[in-house]
Amino acid sequence: MDFNLKKLTSDAGVFFTRAVQFTEEKLGSAEKTELDTHLENLIARADCTKNWTEKIFRQTEVLLQPNPSARIEEFFYEKLDKKIPSRTTNGELLGQYMLDAAKDFGPGTPYGSTLITVGEYQSRLGGAEREFLQTSAINFLTPLRNFLEGDWRTISKERRLLENRRLDLDICKARVKKAKQAEAKAALWSEEVDKAEQELRVAQTEFDRQAEVTRLLLEGISSTHVNHLRCLHEFVEAQATYYAQCHQYMQELQKELSSANSNTYPNSFASNANPSTSATCPSPVSSATLPGVSPPCLASTSTPGIAREPSGPLKIQDVQQPSTGHRKAKVLYDYDAHDTSELSLLADELITVYTVPGMDPDWLVGERGNQKGKVPVTYLELLS
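Residues numbered from 1 in each chain as written. Predicted model: local features only at pLDDT ≥ 70, side-chain atom pairs only at ≥ 80, totals over all residues. Heavy atoms only, no water.

A. Region of the structure containing the pairing of strand β5 (residues 363-368). As paired strands, strand β4 (residues 350-355) and β5 are joined by 3 bridges and run antiparallel to one another. Bridge assignment links Y354 to a residue of β5, and that residue is V365. As paired elements, β5 and strand β6 (residues 371-376) share 6 bridges and run antiparallel to each other. Paired with L364 across the bridge in β6 is V375. (Pairing = 2+ DSSP bridges. Helix = DSSP H or I, 4+ residues; strand = E, 2+ residues; numbered from the N terminus.)

B. Spatial organisation of the nonpolar core. L35, L39, F132, L162 and L218 are the most contacted members of the largest nonpolar core, which totals 42 residues. Sort the elements by how many residues they give to this core and helix α5 (residues 110-185) lands first, with 18 residues. In contact with L218, other than residues within four places in its own chain, are L39, L42, I43, A46 and I155. One finds V331, V353, V365 and V377 within the second-largest nonpolar core, a separate group that totals 19 residues. (Core = buried A, V, L, I, M, F, W, Y, C linked by side-chain atoms within 4.5 Å. Buried < 20%, exposed > 50% of the residue type's maximum accessible area, 1.4 Å probe, protein only. Contact = heavy atoms within 4.5 Å.)

C. Representation of the pattern of salt bridges. One pass over the full model with this rule turns up 16 salt bridges. Note that R145 is salt-bridged to E61, the shortest N-O span being 4.0 Å. Of this pair, R145 sits in helix α5 while E61 sits in helix α2 (residues 37-64); the two residues are 84 residues apart in sequence, bridging distant segments of the chain. The buried category is assigned to R145, whose relative accessible area is 15%. As a salt-bridge pair, R215 and E212 come within 2.1 Å of each other at their nearest N and O atoms. One end of the pair, R215, and the other, E212, are both in helix α6 (residues 190-219), 3 residues apart, so they sit about a helical turn from each other. Each of R18, R165, D168 and E206 takes part in salt bridges that share partners, so that together they form one network. (Salt bridge = Lys/Arg side-chain N within 4 Å of Asp/Glu carboxyl O.)

D. Molecular detail of the packing of aromatic side chains. Per the counting criterion, the structure on display carries 8 aromatic pairs. Residues F132 and Y242 carry aromatic rings whose centres are separated by 4.9 Å and whose planes lie at 10° to one another, so their mutual orientation is stacked. With a gap of 110 residues between them, F132 in helix α5 and Y242 in helix α7 (residues 221-264) connect regions that are remote in the sequence. Each member of the pair, F132 as well as Y242, carries the same accessibility label: buried. Look at F147 and W152: their rings are 6.3 Å apart centre to centre, the planes differ by 50°, and that puts the pair in the tilted class. Note on accessibility: F147 and W152 belong to one class, buried. Through successive ring pairs, a cluster of aromatic residues spans F132, F140, F235, Y242 and Y243. Its end group placed over the ring of W52, K55 keeps NZ or CZ at 4.6 Å from the ring centre. (Phe/Tyr/Trp six-rings, centres within 6.5 Å; stacked < 30°, edge-to-face > 60°. Lys NZ or Arg CZ within 6 Å of the ring centre and 35° of its normal.)

E. Fine view of a nonpolar patch on the surface. On the surface, L229, L232 and V236 cluster together into a nonpolar patch covering about 250 Å² of accessible area. Topologically, L232 is positioned in helix α7. L232 gets classed as partly exposed once you look at its relative accessible area, which sits at 39%. (Patch = residues over 30% accessible without salt bridge, like charges linked within 9 Å, V, L, I, M, F, W, Y side chains within 5 Å. Areas by Shrake-Rupley, 256 points an atom, 1.4 Å probe, with all protein chains shown as cover.)

F. Broad picture of unusual backbone geometry. Not every positive phi belongs to a glycine, and D348 is a case in point at roughly 80°. Mapped onto the elements of the fold, D348 is located in the loop between β3 (324-331) and β4. Residue classification places D348 among the exposed residues on the basis of a relative accessible area of 56%.

G. Layout of the side chain of Q210. In this fold, Q210 is placed in helix α6. For Q210, the contacting residues outside a window of four places in its chain are E158, L161, L162 and R165.

H. Seen up close, the confidence of the model for the protein chain. Across the protein chain, the average pLDDT comes to 80, with 74% of residues at 70 or higher. When mean pLDDT is taken per element in the protein chain, α2 scores highest with 94 and helix α8 (residues 285-289) scores lowest with 38. Below pLDDT 50 for its whole length, residues 266-321 participates in 79 contacts with residues either more than four positions away or in separate chains. (pLDDT = per-residue confidence, 0-100.)

This is the structure in C-alpha cells:
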C-alpha cells in the first residue's frame with residue numbers, strides 16, 4: 001500500500017512538472033527541443049492520413065447505410081463482438097410487396113402479371129445491392145477501420161510517449177542550466193551539476209530511443225497508403241459489378257415489359273415500354289422491321305402534293321390534297337410535339353385522326369378541337 005502511494009505521489013509530481021514545462025513553453029518562458037525536420041514531416045503526413053481516412057470511412061458508411069439508426073445499431077454489435085443481424089434491402093422489400101399484391105389482384109390479370117415480373121427483378125436488384133454492401137464492407141471499410149482503431153492508436157500512443165520524453169529532456173536541460181548558474185556563485189553546488197547532467201544524459205537517451213521508435217511507426221504510413229490503394233481498387237470494382245448487374249437486370253425487365261405490352265395492346269404496334277423517353281424520332285415498329293422503310297423523321301424523299309422545308313418536318317398547313325378516313329383514336333402514351341407541325345398527346349384522351357394522300361403511313365393527322373397536327377401511329381389505338 002505504501003509502495004502504491006509513493007508511486008502515485010511520484011507520478012503526480014512528474015505530471016505536474018511536465019505540465020509546468022509545457023505551460024512555460026507555450027508562454028515562451030522556457031526553451032523547447034525541436035524535432036528534426038524529417039520526423040516533423042512524418043508526423044504531419046500521418047495526421048493528414050488519419051484525418052482524411054476518417055472522413056472517407058465515415059462518408060462511405062453513410063453511402064452504404066444511409067440510415068443513422070442502423071449504423072448506430074451496427075456499431076454496438078461490433079463493439080459487443082456479436083454478429084450483425086441480416087437486413088432486407090429496400091429492393092427486396094419492394095419486390096416482396098409487389099409479389100404479395102399480385103396474389104391479391106390476380107396473377108392472371110395484366111396488372112398482376114406485370115407486378116410479378118417487376119417484383120422478381122426488384123428482388124434481384126436488392127440481392128445485387130446486398131452483395132455489393134457485403135463486399136464493400138469487407139474489402140474497403142474493414143481495412144480503414146483497422147487502421148483507425150489499430151495502427152493509428154499505436155502511433156498516437158508512441159507520439160504521446162515521445163512528447164513526454166521531450167518534456168523530461170527539456171526539464172533536465174533547465175535543471176542543468178540552473179545548477180550551473182548556482183555553481184558559478186558557490187562551489188558547493190558542483191555535486192548538483194553532476195547529478196543534473198547525469199539525469200540529462202539519461203533523458204536524452206530515452207528521448208532518442210523513443211524518437212526512433214516513433215519514426216519507424218510513422219514511416220509505415222507509406223505501406224498503409226499502398227494497402228488502402230488496393231482496397232480502393234476493390235471498392236471501385238465492386239461498384240462497377242453492382243451497377244453492371246443493375247443495368248443488365250433493367251434491360252431484361254424492359255424487354256419483358258415491352259413484349260408483354262405488345263401482347264396486351266396488339267393494335268398499338270408498341271415496341272417500347274416507355275416511348276416518352278425515346279429520342280426525337282419515335283422509331284415505330286413498322287419502320288424498324290420492314291426493310292427499305294425509313295422512320296418519318298429520317299425520310300429524305302419528297303411526296304407529291306406535300307410541301308417540305310429543305311431540312312424541316314412536314315407542315316400540316318402545306319397539305320394540298322383532301323383528307324380521307326376520319327375516325328376516333330385513343331392515345332396510349334404521352335407524346336410531346338417536336339415542332340409546330342406535330343400535335344402533343346396525353347395518354348387516354350380521344351382524338352380524331354385521318355390520313356392525307358401521299359402522307360407517310362407511320363403518321364396520321366390528328367385533331368383536338370381547333371388544334372391539328374401530325375401524330376405517330378404507334379402512340380394510338382384506332383377505334384372502330
